[in-house]
Amino acid sequence: AKIEEVLAKMKEELEAKTANELKDLCANKNLKLGAGKEGRIETLLQDAKASGEVDRAITALARKARAEQLLAMEACEVLKLCEEVQTDPLVKEVLVERLLAHEADFGRVPADEEPKAKRARRA
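Reference entry: report on the structure contained in this document. (Residues numbered from 1 in each chain as written. Predicted model: local features only at pLDDT ≥ 70, side-chain atom pairs only at ≥ 80, totals over all residues. Heavy atoms only, no water.)

### Things to note about unusual backbone geometry
The phi angle of most residues is negative, glycine excepted, and most peptide bonds adopt the trans form.
Then step 1. Phi at Asn-30 takes a positive value of approximately 55 degrees, unusual for a residue other than glycine.
Then step 2. For Asn-30, the position within the fold is in the loop between α2 (19-28) and α3 (36-51).
Then step 3. One non-glycine residue with positive phi stands out, namely Gln-86, at about 55 degrees.
Then step 4. The topology assignment puts Gln-86 in the loop between α5 (75-84) and α6 (92-106).
Then step 5. For Gln-86, a relative accessible area of 74% corresponds to the exposed category. (Helix = DSSP H or I, 4+ residues; strand = E, 2+ residues; numbered from the N terminus. Buried < 20%, exposed > 50% of the residue type's maximum accessible area, 1.4 Å probe, protein only.)

Right under this line is the structure:
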């Protein structure tokens, strides 16, 4: 069902292009140029299936839907899921991106000259 949806969307996008644009797309992918707009569209759709482009689009749609589902959840529920699958919710790259975004809006976060000494862990 998802394959048909993705192919229908791709076909709609391709139909909006001119015959010359379709010819260029076929040429760039080293596909037979075909005669006429419909032939080129079919060639491009078959290539999309064979090259895995359709599968990647389906995966992207599923990922987007899952992201929306997770974003709709409360933070504590998402944290609980992270704990269940033993995933670190505090990923350094994400923290850095958020700090950079904050600094872009509000200015640089002042940093101490010397990093604070870490406290010893207690057993």
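Next comes the rest of the write-up.
### Details of the nonpolar core
A general feature of soluble globular proteins is that nonpolar side chains tend to end up buried together.
Then step 1. Formed by Val-6, Leu-7, Met-10, Leu-14, Leu-22, Cys-26, Ile-41, Leu-44, Leu-45, Ala-48 and Val-54, the largest nonpolar core amounts to 11 residues.
Then step 2. For this core, the secondary structure elements donating two or more residues are α1 (2-15), α2 and α3.
Then step 3. Residue contacts for Val-6: discarding those within four places in its chain leaves Val-54, Ala-57, Ile-58 and Leu-61. (Core = buried A, V, L, I, M, F, W, Y, C linked by side-chain atoms within 4.5 Å. Contact = heavy atoms within 4.5 Å.)

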